[in-house]
Structure formats: C-alpha cells, structure tokens
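# Residue-level structure breakdown
Given next are the chains, with one letter for each unit.
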2 protein chains.
Amino acid sequence: MNIQFKKGVLEICVLSVLAHKDCYGYELVYEISKQIDISEGTIYPLLRRLKDEGFVTTYLQESVEGPPRKYYRLTDSGRKEEHELKEEWMRFTTAVNSLLVGNDAAE
Amino acid sequence: MNIQFKKGVLEICVLSVLAHKDCYGYELVYEISKQIDISEGTIYPLLRRLKDEGFVTTYLQESVEGPPRKYYRLTDSGRKEEHELKEEWMRFTTAVNSLLVGNDAAE
DNA sequence: ACACAGTATCTTGCATAACAAGATACATAC
DNA sequence: GTATGTATCTTGTTATGCAAGATACTGTGT
C-alpha cells in the first residue's frame, strides 16, 4: 500500500471511528486495519497529537486480558474537526478524480 | 487545502495529465491548479524524480513568449505506472470511504 | 537605455506524518 | 521460567510538498 496516500488521512479515520465509539489505541489499530494497514508506531504518536490539540480526552480502564487500556473519547472540538476534515477529504478526492477521469476520457 | 492529502497524489495527477498530452512544467502547474493547488517548488523536483525513475523523457522546444520549454513525455513504463497508481488510488479511497461512511451510518 | 511584468526552470531549507524496530509491562498457559 | 497475546510508547529514518529565492528570456512602457 502506498504510504504517502495515508498522510493526513489516518487522522480522519481515527476521528471517524472515535465518533462512533470510545476506543483504546490497540483497538483502533484493529478497527482501521480492516480497511487500511496501520501500525502501532503510527497510532500512538497520532493519538498524542490529537490529545495535544484538544480533539480527544483520555481515561484509563483495567483489563482482565493484559495491562490497563487508555481509552480515547472525542471532545466537541474533535467532533467538529472530524466533520470538517471529512468534508475536506470529500472535496479533495472529487478534485483529484475529476483530474484523473478527465484525462481518461480524453485518451 | 490540507497539504498532507496531496502526498503521493500529485504524482498520479502529473502522470495522468501527461497520459493525455506532453506538457512542460509550468503548463502542468496551470493544468493541475484548475483542481488542486500546486506550486512550482513541488512540480520540478517531482518531474526530476519521474525522469530518474524512467517514467518520462524530456525534450526542449523554443517558445516565442519566453525561455525554452522542457516538455515531458510518458514512457511505456510511465504509462504502466500511471495505470497502476490510479488503480491503487481507487482502492485506497474506497477503503477510506467505507471506514468513514461506516461510522457515519452508526452515529 | 532602463525598469517591470510575464513566462519558464531550478535549488535550498523547513515542516509534517508514517513506519520499522525496539523497549516496557501485565496476564495466562505450558 | 519461557513463550504468547495484550497493550503502550519512543527513537530514528524516509518521503513529499512548500515557501522563498535565484536565474534567465521576451515584450512593453517610459
């Protein structure tokens, strides 16, 4: 998979999953990996950024299967960001596709 | 516009425009800018990479409006790359959208 | 002659984000 | 006590886009 394509997009994916339910990091990797390859070395720094920017808050919860889990929950600001980023992503892919298709049609 | 989204995508855009017609760098900026912001500091290094990788060849042509233009033409390898990258881009956006829509539906 | 705008190419240094690899630690099973 | 699965986090590397500026040719206005 082209790593470059993911730049900026994984952030929307994380926000989008969190808009559905609170998750811990390891769980997010599992959920997103159903569609897109993502590694732990990517998710944890990303989650830290989202917290630093105020888009998520965290809380710890114990687990019977291993060490305690750090859950992430969207803030209002995070919900707004999720919405805006998603709109921007849609605009962007529409623009790209019109460029690609436009040139396909002309071949 | 989110700069990160463009990572890797501008390369397909350039290849796709070149699949339609030979272009010089300045012209590519103009064509792609109709849909996506792109600057000259991006296009020239990108074109050099594409040439180093054997996806394009170049030829000079004089202009009455300024300095000579360096035209870029797709090679067979470049045409193949354009096709493969486009397919990968389609697969990627489908995967992302299914993640985003999936969570929209669950809200 | 001189300055300026438009056309055209190219380079340097910076910012960002994803990843591989590894460190750490808890729980359970063998 | 060793290995496996769960879980978090850090370090160093890599790739790409951008702003800013350098260079140079052509035509226009003064």
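Everything below is about the structure shown above.
Counting of residues starts from 1 at the beginning of each chain's written sequence and follows it residue by residue. As a convention, the first chain written is A and the first ligand written is 1, with the rest following in written order. The model is predicted, so local features are restricted to residues of pLDDT at least 70 and side-chain atom pairs to those at 80 or more, both for listing and for counting; the totals for chains, interfaces and linings are taken over all residues. Calculated side-chain values reflect all of the structure's heavy atoms, with hydrogen atoms and water omitted.

### Side note on helix 1 (residues 9-20) of chain A
Residues spaced three or four apart along an α-helix point in a common direction, a consequence of the helix completing one turn every 3.6 residues. Residue and element names in this part refer to chain A. Numbering goes from the N terminus for both helices and strands, where a helix is a DSSP run of H or I of at least four residues and a strand is a run of E of at least two. Under the convention used throughout, the expected extent of a helix is 1.5 Å for every residue step, that is, one less than its residue count. Between its terminal C-alpha atoms helix 1 stretches 17 Å, which fits the 16 Å expected from 12 residues at 1.5 Å a residue. Only protein chains enter the accessibility calculation, which uses a 1.4 Å probe; a residue whose area is less than 20% of its type maximum is buried, one above 50% is exposed, and one in between is partly exposed. Burial within helix 1 is extensive, with 11 of its 12 residues counted as buried. Residues V9, L10, E11, I12, C13, V14, L15, S16, V17, L18 and A19 constitute the buried set of helix 1.

### Looking at the protein's contact with DNA strand C
Near DNA strand C you find 30 residues, and of these K6 and T42 of chain A together with Y44, R69 and K70 of chain B are the closest. When the atoms of DNA strand C within 4 Å of the protein are grouped by moiety, sugar and phosphate amount to 73% of the total. Any pair of nitrogen or oxygen atoms within 3.5 Å is treated as a polar contact; in protein, a donor-acceptor pairing is required on top of that, and neighbouring residues in sequence qualify only through side-chain atoms on both sides. The contact in question runs from a phosphate oxygen of DNA strand C to an N or O atom on the side chain of R69 of chain B, over 2.4 Å. When contributions to the surface near DNA strand C are tallied by element, the ones reaching two or more residues are helix 3 (40-52) of chain A together with helix 2 (25-33), helix 3 (40-52) and strand 3 (69-74) of chain B. Charged residues are taken to be Asp, Glu, Lys and Arg, nonpolar residues to be Ala, Val, Leu, Ile, Met, Phe, Trp, Tyr, Cys and Pro, and polar residues to be all remaining types, Gly included. Split by residue class, the surface near DNA strand C holds 11 nonpolar, 9 polar and 10 charged. Put simply, a residue is near a molecule or strand once any heavy atom of it comes within 4 Å of that molecule or strand.

### Here's the deal with the interface of chain A and chain B
Contacts between the two partners involve 36 residues from chain A, matched on the other side by 36 residues from chain B. Buried area is a sum: the accessible area each of two parts loses on coming together, probed at 1.4 Å, counted once for each and added. Together chain A and chain B conceal approximately 3400 Å² of surface at their shared face, both sides included; 69% is due to carbon and sulfur atoms. Ranking the residues of chain A by area buried against chain B places F5, F92 and L100 of chain A at the top, with a combined share of 22%. For salt bridges, the criterion is a side-chain nitrogen of Lys or Arg within 4 Å of an Asp or Glu carboxyl oxygen. Linking chain A with chain B are 0 salt bridges, by the criterion used here. Where chain A meets chain B, there are 6 residue pairs in polar contact (both at pLDDT 80 or more). Two residues form a contact once any of their heavy atoms are found within 4.5 Å.

### Some thoughts on the nonpolar core
Side-chain atoms within 4.5 Å are what join buried Ala, Val, Leu, Ile, Met, Phe, Trp, Tyr and Cys residues into a set we call a nonpolar core. Formed by 62 residues in total, the largest nonpolar core has its most connected members in W89 of chain A together with W89 of chain B. Those residues in contact with W89 of chain A that lie beyond four places of it in its chain are V9 and I12 of chain A together with F5, W89, F92, T93, V96, N97 and L100 of chain B.

### Structural notes on the side chain of E11 of chain B
Residue and element names in this part refer to chain B. With respect to the element layout, E11 can be found in helix 1 (residues 9-20). Among buried Asp, Glu, Lys and Arg side chains, E11 stands out as unpaired, with R49 the closest opposite charge at 5.0 Å. Once you skip the residues sitting within four places of it in the chain, E11 turns out to touch L46, L50, E81 and L85. The sign given to each residue is positive for Lys and Arg and negative for Asp and Glu; His and the chain ends receive no count.

### Brief notes about the packing of helix 1 of chain A against helix 2 (residues 25-33) of chain A
Residues and elements named next belong to chain A. Angles shown run from 0 to 180 degrees and are taken between the N-to-C directions of axes, each axis being a line fitted to C-alpha atoms and, for helices, limited to the stretch in contact. For the pair helix 1 and helix 2, the least separation of the axes is 11 Å and the interaxial angle reads 105°. By the angle between their axes, helix 1 is roughly perpendicular relative to helix 2. Residues C13, V14, V17 and L18 of helix 1 form the contact with helix 2, whose participating residues are L28, E31 and I32. Taken together, the residues of the contact of helix 1 with helix 2 sort by class into 6 nonpolar, no polar and 1 charged. Orientation categories follow fixed angle ranges, with anything under 35 degrees roughly parallel, anything over 145 roughly antiparallel, 65 to 115 roughly perpendicular, and all other angles oblique.

### Overview of the packing of helix 2 of chain B against helix 3 of chain B
Residue and element names in this part refer to chain B. Contact geometry of helix 2 with helix 3 gives a least axis separation of 10 Å together with a crossing angle of 120°. Classed by the angle they form, the pair helix 2 and helix 3 counts as oblique. Pair helix 2 / helix 3 crosses with right-handed handedness. Of the residues in helix 3, those touching helix 2 at G25, Y26, L28, V29 and I32 are E40, I43, Y44 and L47. A per-class count over the contact of helix 2 with helix 3 returns 7 nonpolar, 1 polar and 1 charged. Helix crossings fall into two classes, left-handed where the near helix is turned counterclockwise from the far one by less than a right angle and right-handed where it is turned clockwise.

So, to be careful, I would describe these as geometric facts and stop short of saying anything about function.
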